[in-house]
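Below are the chains, spelled out letter by letter.
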Amino acid sequence: MDSASPLFDTYARAPLRFERGEGVWLTADNGERYLDFGAGIAVNALGHAHPHLVAALKEQSEKVWHLSNLYEIPGQERLGRRLAAASFADKVFFSNSGAEAMEAAIKTARRYHYVNGRPERVDIITFQGAFHGRTLGTIAAGNQPKHLEGFGPKADGFKQVPLGDRAALAEAIDEKTAALLIEPIQGEGGIRVVSNEELQHLRAVCDEHGILLVLDEVQTGVGRTGKLFAHEWSGITPDILGVAKGIGGGFPLGACLATAEAAAGMTAGTHGTTFGGNPLAMAVGNAVLDLVLADGFMEHVRDMALVFRQGLAAIGDTHPDVVAEIRGEGLMLGLKCACKNGDLVDAMRAENLLAIPAGDNVVRLLPPLVVSAEEARDGLARIERAAGRLSAKPAAQPA
Ligand SMILES: *Cc1c(COP(=O)(O)O)cnc(C)c1O
């Protein structure tokens, strides 16, 4: 660690400096190439330097970069209309990040009850292991002691119950409850998949109590699981949804989607952002949708998911002392480790493959969705070698 670093010491960074990227590959300043199966934490959904995204950004950068939301921004209307057409939503609010998308989602849920004559309904119920961002509101939602410690009073109006504990949930709901907030697959929490049946149950609970279902699809959205949004696998729809990460393909962009009814309280002046939805972000966001909504894109994601699942299962069978379990959906995959997850991430990096640690001793694989079968197999071979580095050595044969 360089104690003279001008940067906040909030990150323990790997000693790697990348100069350029192309598709699923990154090139470091020493010329070494790495297979990027972290994709900037599920952000580079279309890989690095995708020509269609580069062209969109270049073209917009020569017109106008920023205007503020004091004026109409045609790119916002277009992206909003396309997101609504492809989802449950009627209305969209654009932000710059996931935490801001979730803040907008939480505010939208509370305002819904406020304008419907139930101002006491402010509590948001979340689930253990959740991650919703690092603002003061979203750390209260996530309720992780390590994110809250030392940051003053925890924001009021959040309750948490164990994931999948229906009795605890029933107990927690009262006249102050505004909404349930959940990730269809907990990402930071360790690729913990919420079953379709559980999501259907949560939808029914919300309907029964007149409260809103808010989904955090910041990590699961935009094709990551082989559908535009992960909840589509369950057949239910939320009232409000936050998305970010992949939606900008690497350009900072987030969005809060809602039904017209759920968004009814978000009237002029109630919420805002200076940068959110700026023309550069909208140009890239629209270009991302061009690719993600194209025929065959989701099929490709599902096909590659199968390649990964089979390869990872084989690695788990060969090295059960390293990989205990394979988790996830689509290209949001987790290796629950029998060793320390950080050791496996390091061993993968030694094989020039980038992966990301998560909670619950898991290593996350979040490759760009454009990964080819050949690149997937290349990556799997590296993961196999990485696991081999950590696997207990077979007992030495007597001479
Ligand atoms: C990354 C993430 C966030 C926060 O997004 P930022 O862009 O870092 O603010 C929120 N929710 C989930 C599920 C995430 O994965």
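Residues numbered from 1 in each chain as written. Predicted model: local features only at pLDDT ≥ 70, side-chain atom pairs only at ≥ 80, totals over all residues. Heavy atoms only, no water.

1. With respect to the overall build of the protein chain
Assigned secondary structure in the protein chain consists of 12 helices and 17 strands. Over its C-alpha atoms the protein chain spans a radius of gyration of 22 Å, differing by no more than 12% from the 21 Å that the globule rule assigns to 399 residues. In terms of overall dimensions, the protein chain has a C-alpha envelope of 85 × 55 × 50 Å along the principal axes. Split into buried and exposed, the 399 residues of the protein chain put 51% on the buried side. Here the analysis covers contacts within the protein chain between residues at least 6 apart in sequence; of these, 72% occur between residues at least 24 apart. (Helix = DSSP H or I, 4+ residues; strand = E, 2+ residues; numbered from the N terminus. Rg over C-alpha atoms; globule rule 2.2 N^0.38 Å. Buried < 20%, exposed > 50% of the residue type's maximum accessible area, 1.4 Å probe, protein only. Contact = heavy atoms within 4.5 Å.)

2. Brief notes about the sheet that holds strand 13 (residues 323–329)
Read across the sheet, 4 strands follow the order 13-14-17-16 without closing on themselves; strand pairing throughout is antiparallel. Either end of the sheet is taken by a strand with one partner, and the two such strands are strand 13 and strand 16 (356–358). The mean inter-strand angle of the sheet, taken between neighbouring strand axes irrespective of direction, is 30 degrees. Here strand 14 (residues 332–337) pairs with strand 17 (residues 362–365) via 4 bridges, running antiparallel. The residue of strand 17 that forms the bridge with Lys336 is Val362. (Pairing = 2+ DSSP bridges. Axes fitted to C-alpha atoms, helices over the stretch in contact; angles between N-to-C directions.)

3. Overview of the UniProt feature "modified residue: N6-(pyridoxal phosphate)lysine" (unreviewed entry) in the protein chain
In the numbering adopted here, UniProt assigns the feature "modified residue: N6-(pyridoxal phosphate)lysine" (unreviewed entry) to Lys245. Mapped onto the elements, Lys245 comes out in the loop between strand 11 (240–243) and strand 12 (254–258). Those residues within four positions of Lys245 in sequence are excluded, and the remaining contacts are Ile41, Ala42, Val43, Glu188, Val218, Gln219 and Leu253. (UniProt positions renumbered as here; feature names shortened; annotations may be inferred.)

4. Re the domain arrangement of the protein chain
As far as domains go, the protein chain holds domain 1 (18–50 + 295–390) and domain 2 (64–292). Between domain 1 and domain 2, the residue contacts involve 28 residues of the former and 25 residues of the latter. When domain 1 packs against domain 2, the two sides together hide about 2200 Å² of surface, and 65% of this comes from carbon and sulfur. Remark: the boundary between domain 1 and domain 2 carries 1 salt bridge. Measuring nitrogen to oxygen at the nearest pair gives 2.9 Å for the salt bridge that ties Glu188 to Arg364. Counting every contact that joins domain 1 to domain 2 gives 9 residue pairs in polar contact (both at pLDDT 80 or more). It is helix 10 (residues 297–318) that provides the largest number of residues to the side of domain 1 that touches domain 2, a total of 4 residues. Here the residues of the side of domain 1 that touches domain 2 are counted per class, giving 17 nonpolar, 6 polar and 5 charged. (Domains from an automatic or database assignment. Buried area = accessible area lost by both parts, 1.4 Å probe. Salt bridge = Lys/Arg side-chain N within 4 Å of Asp/Glu carboxyl O. Polar contact = N/O pair within 3.5 Å; in protein donor to acceptor, adjacent residues only side chain to side chain. Nonpolar A, V, L, I, M, F, W, Y, C, P; charged D, E, K, R; others polar.)

5. Examining the UniProt feature "binding site: pyridoxal 5'-phosphate" (unreviewed entry) in the protein chain
The positions UniProt marks with the feature "binding site: pyridoxal 5'-phosphate" (unreviewed entry) are Gly98, Ala99, Phe131, Asp216, Glu217, Val218, Gln219 and Thr274. In three dimensions, the annotated residues from a span of 177 residues occupy distinct locations, with a maximal C-alpha spread of 25.0 Å. Mapped onto the fold, Gly98 is located in helix 4 (residues 98–115). Excluding residues that lie within four positions of it along the chain, Gly98 makes contacts with Val218 and Ala244. By secondary structure assignment, the location of Val218 is in the loop between strand 10 (212–216) and strand 11.

6. Details of unusual backbone geometry
Its identity is not glycine, yet Ile191 carries a phi of approximately 50 degrees, on the positive side. Mapped onto the elements of the fold, Ile191 is located in the loop between strand 8 (185–186) and strand 9 (192–193). Judged by relative accessible area, Ile191 falls into the buried class, the value being 1%. We note that Asn352 has phi near 60 degrees; this positive angle belongs to a residue other than glycine. With respect to the helices and strands, the residue Asn352 is situated in the loop between helix 11 (341–350) and strand 15 (353–354).

7. Some remarks on the layout of surface pockets
Volume-wise, the second largest pocket comes out at about 880 Å³. Around the second largest pocket sit 28 residues that line it, and Gln76, Lys91, Val92, Phe93 and Phe94 are the ones nearest its centre. Every element with two or more residues in the lining of the second largest pocket is listed here: helix 3 (74–85), strand 4 (91–95) and strand 12. With 5 residues, helix 3 is the largest single contributor of residues to the lining of the second largest pocket. Residues that form the lining of the second largest pocket fall into these classes: 12 nonpolar, 11 polar and 5 charged. (1 Å grid on protein atoms, 1.4 Å probe; cavity = no way out; pocket = protein on both sides within 12 Å on 5 of 7 lines; lining within 4 Å. Points joined across faces, edges and corners; volume = space filled by probe spheres on them.)

8. Looking at helix 12 (residues 373–390)
The end-to-end C-alpha distance of helix 12, which contains 18 residues, comes to 26 Å, matching closely the 26 Å that a straight helix rising 1.5 Å per residue would cover. Turning to helix 12, its buried residues are Ala376, Gly379, Leu380, Arg382, Ile383, Ala386 and Ala387. For helix 12, the arc enclosing every buried residue in end-on projection is 165 degrees, short of the 170-degree limit, so these residues lie on one face. For helix 12, exposure combined with an orientation more than 90 degrees from the buried face picks out Glu374 and Arg377. (Expected span 1.5 Å × (residues − 1). Arc of directions from axis to C-beta.)

9. A short note on the pattern of salt bridges
Evaluation of the coordinates by the stated rule reveals 16 salt bridges. Connected through shared salt-bridge partners, Glu325, Arg327, Lys336 and Asp360 make up one network.

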